[in-house]
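Chains, contacts and geometry: an overview
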Amino acid sequence: MNGRYRIHQVRLGIDEPKSDLPKKILKKIGNRNLILSDMEIIRESIDARDKKDIHMVYTVDFQVVTRQRPKQYVRIPQGRKIGIEEAPDMRYAEVSSGGEDMRHRPVIVGFGPCGMFAGLILARRGYRPLIIERGKTVEERVKDVERFWNEGVLNPESNVQFGEGGAGTFSDGKLTTGIKDPRIRKVLEEFVRAGADEDILYRQRPHIGTDVLRTVVKNIREEIIRCGGEVRFQSRFTEVKTKAKNVKAVVVENGETGQTEEIPAENVILSVGHSARDTFRYLCERGVKMQQKPFSIGVRIRHPQEMIDRAQYGETKGLPPADYKLSYHCSNGRGVYTFCMCPGGEVILASSEEGGIVVNGMSNRARDSGFANSGLLVDVRVEDFGSPHPLAGIEFQEKYEKLAFENGGCVYSAPQTTWGQFRERSEEAMPVIRSLPEFAVESICEAVPRLGEKLKGFDSDEAVMTAVETRSSSPVRFARNENMEGTFGGFYPAGEGAGYAGGIMSAACDGIKIAEKIIGRYRPFDGE
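Throughout what follows, the structure given in this document is the object of discussion. (Residues numbered from 1 in each chain as written. Predicted model: local features only at pLDDT ≥ 70, side-chain atom pairs only at ≥ 80, totals over all residues. Heavy atoms only, no water.)

Let us look at the sheet that holds strand S5 (residues 107-109). Pairing within the open sheet is parallel, and its five strands lie in the order S7-S6-S5-S11-S22. Edge positions in the open sheet fall to strand S7 (230-232) and strand S22 (491-493), since each of these has one partner strand only. Averaged over all adjacent pairs, the angle separating strand axes in this sheet is 15°, with direction ignored. (Pairing = 2+ DSSP bridges. Helix = DSSP H or I, 4+ residues; strand = E, 2+ residues; numbered from the N terminus. Axes fitted to C-alpha atoms, helices over the stretch in contact; angles between N-to-C directions.)

What follows is the structure, given as C-alpha cells:
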C-alpha cells in the first residue's frame, strides 16, 4: 500500500470551484473529520448527457490524515460502492542500461513526436543521439508555412508536414489516444515541462494548441541538446548502408549546400512521418520490407462553433468550446467517421508536394476562431489501391491530391462547397466531388443525414466542405520483429510513418519504446 488513494465520479456543478473537491470527496468517504493531503486531479470531464444538469466529473488521487495527527496517514475503506481504490504508481519506469559498447551514437531520422521523444529519452540517459530533420527549425518553418498560405509558394522541404515537430506542430495539438500505455503520462509530463499547460495532465480530451506547440517543441529540442544530443535541420536522409544485414551508416544531404555526408551508425530510428514518400520509395527499392495499409479519404467539414456548443450543451453557457466524435456504417460496408475534430479552429492547406492539395484542421490554445471543423472521412481499403505494390496506397493518395489541385484551378486553393450543394451534386459542388473517389461521395451522402440525427445541425445545408483530406494515417506498414527492428539489424521503423501510430501520443510512445530497446542493449555512448 503506497498510502495514496484514487476516487472516481466526484461531481461538481459547472459553477462550483475545484476548491470544493476535498469536501465532496470527504462526503463520499463518509468522514468529514479527515483531511486530504497531496491531492492531484487525474481526470476531468464534462457530463452533458442531461443538458439541464451539466456537471464536471473528476477522478482524484489523494492521501488522508487525521486532524489530530496531521503527519500520520490513515487507511480508509475501498470498494466500488464509494469508487475508491489504491492509486497506481504513474511514475515512468526507466529501463536499465545494457552491457554492450556503442561504437557510434544512435541516429534518429525525423524530428516529429516519435523522433523527438526517442531523442529526449536517449539524451537524458547519456546516449547523445544525432537527430536529422529534412525541414527547418520551428521558427523558420512558421515563416515558410505562412508564405505558402499567403502567397501560394510551397517549400517541399519546409511545410505543414516537414520540419521541427512534424505534422503535429500545425494541428490542434490533440493528445487523445486509443492506446493504453504507461508511457502516456511520461509524454504529458514532458510536454508540461516544456511549456504546455498543466491541464493536459487531466483533461478528458487534452490539447496544447498550435501556438503553444511552437514553443514546446523548441524547448524539447533545447533540452535534448543540453543533455548531449545534436539536432541537424535541413538534413535529408538519402541512403542507409549495411554490412552483413546490419546497419553500417546513413547518408545525409545538406539542404543548403547539396553536399552529402556519410554518418557511421549501428542504430537508426526511422521516424519520418506519413508524408515522406520519397523516403518510402527509396527504402522499398532498397529491399526494406513493408506492406500496404488501409487509411481514409474525405473532406474537412466546418460549422459555426456556436451551433456545436448548442447541440452539445443546450443553452448552458461558460463551458469550453464543444467537440464531437461521430461515426456511421454505410450500406455499402464503408465506415464514415469524424477525425481530428478542432473546436474553435480553422481549415488549413497542408500540402507537401508540388501540384497537390491536402487539407487539415488546426486550432490555437484558446480555440476562439468561432468555427468548428473536423475531417469527414471514409474507409479506404487496400483493394481500392488497384495494385499489389507495397506503395500503391501512396499513388492512390497522390491521384486525389492532384485532382484537388486541378479542380481548385491549378493553384493552391482547396476546392470548397456546402453540404447542401454536395448532397444535390450541383455544379458548384463538382470541384469537391471530382476530387474524391465515387465510393467516398456515395458514403458521405448516405452518412451525413444520419450523423445529423446524432448531432443536431451537423447536416446543415450551410456546412462548408473542403477537399481533400488524405493524410489521416500512413498507407504503409514496415515490418518489425520482436525487438522492433526492421529488415536490417539496428534499423528501427517507428511512429506514424512506419504504420505503428496514429497521432501525437501514440507516435511519442513508440519512440520511447524504441529508445528503451537501445538503452536496454547498450551502455551510454562515451565516444566522439
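Within helix H4 (residues 183-193), nine of the eleven residues are buried, leaving the element largely enclosed by the surrounding structure. Looking only at H4, the buried set comprises Arg183, Ile184, Arg185, Lys186, Val187, Leu188, Glu190, Phe191 and Val192. Contacts from the buried residues of H4 go to strand S2 (34-47), helix H2 (113-124), helix H5 (210-226) and helix H12 (504-521). (Buried < 20%, exposed > 50% of the residue type's maximum accessible area, 1.4 Å probe, protein only. Contact = heavy atoms within 4.5 Å.)

Turning our eyes to something else, we now look at the pairing of strand S13 (residues 295-304). With respect to burial, S13 is a largely interior element, eight of its ten residues being buried. Inspection of the sheet shows S13 paired to strand S18 (residues 371-380) by ten bridges, in the antiparallel sense. Across the sheet, Arg302 pairs through a bridge with Asn373, a residue of S18. Sheet topology note: the S13/strand S20 (residues 464-469) ladder contains five bridges and is antiparallel. The residue bridging Ile301 from the neighbouring strand is Met465, located in S20.

Let us look at H2. With twelve residues, H2 should cover 16 Å at 1.5 Å per step; its first-to-last C-alpha distance of 16 Å lies within 8% of that length. Here H2 lies mainly inside the structure; eleven of its twelve residues are buried. Pro113, Cys114, Gly115, Met116, Phe117, Ala118, Gly119, Leu120, Ile121, Leu122 and Ala123 are the residues of H2 that are buried. Elements in contact with the buried residues of H2: S5, strand S6 (130-132), H4, H5, strand S11 (268-270) and H12. Where H2 ends, the next residue or the one after it, Gly126, has phi of about 95°, a positive value. (Expected span 1.5 Å × (residues − 1).)

This brings us to the pattern of salt bridges. Evaluation of the coordinates by the stated rule reveals 53 salt bridges. The partner of Asp20 in a salt bridge is Lys23, with the nearest N and O atoms 3.8 Å apart. Residue Lys23 is classed as exposed on the basis of its relative accessible area of 52%. Note that Asp278 is salt-bridged to Arg236, the shortest N-O span being 3.7 Å. You can see Asp278 sitting in helix H6 (residues 277-285) and its partner Arg236 sitting in strand S8 (residues 235-243), a full 42 residues away along the chain. Bridged by salt links that share partners, the residues Lys18, Glu44, Asp197, Asp199, Arg203 and Arg365 form one connected network. (Salt bridge = Lys/Arg side-chain N within 4 Å of Asp/Glu carboxyl O.)

With that settled, the discussion passes to the environment of Gly370. Inspection of the secondary structure assignment puts Gly370 in the loop between strand S17 (359-362) and S18. Overall, the relative accessible area of 37% leaves Gly370 in the partly exposed class. For the pair Gly370 and Gly345, spaced 25 residues apart in sequence, the C-alpha to C-alpha distance is 7.5 Å. Those residues in contact with Gly370 that lie beyond four places of it in its chain are Pro304, Gln305 and Gly344.

The next point concerns the nonpolar core. In this structure, Phe62, Leu376, Phe422, Leu436, Ile444 and Phe458 are the most contacted members of the largest nonpolar core, which totals 74 residues. Ignoring any residue separated from it by four or fewer positions in sequence, one finds Phe458 in contact with Ile301, His303, Met307, Tyr324, Leu326, Thr338, Leu376, Val448, Leu451, Gly452 and Ala463. Judged by nonpolar contacts, the second largest core, of 59 residues, contains Tyr127, Val138, Val160 and Ile514. (Core = buried A, V, L, I, M, F, W, Y, C linked by side-chain atoms within 4.5 Å.)

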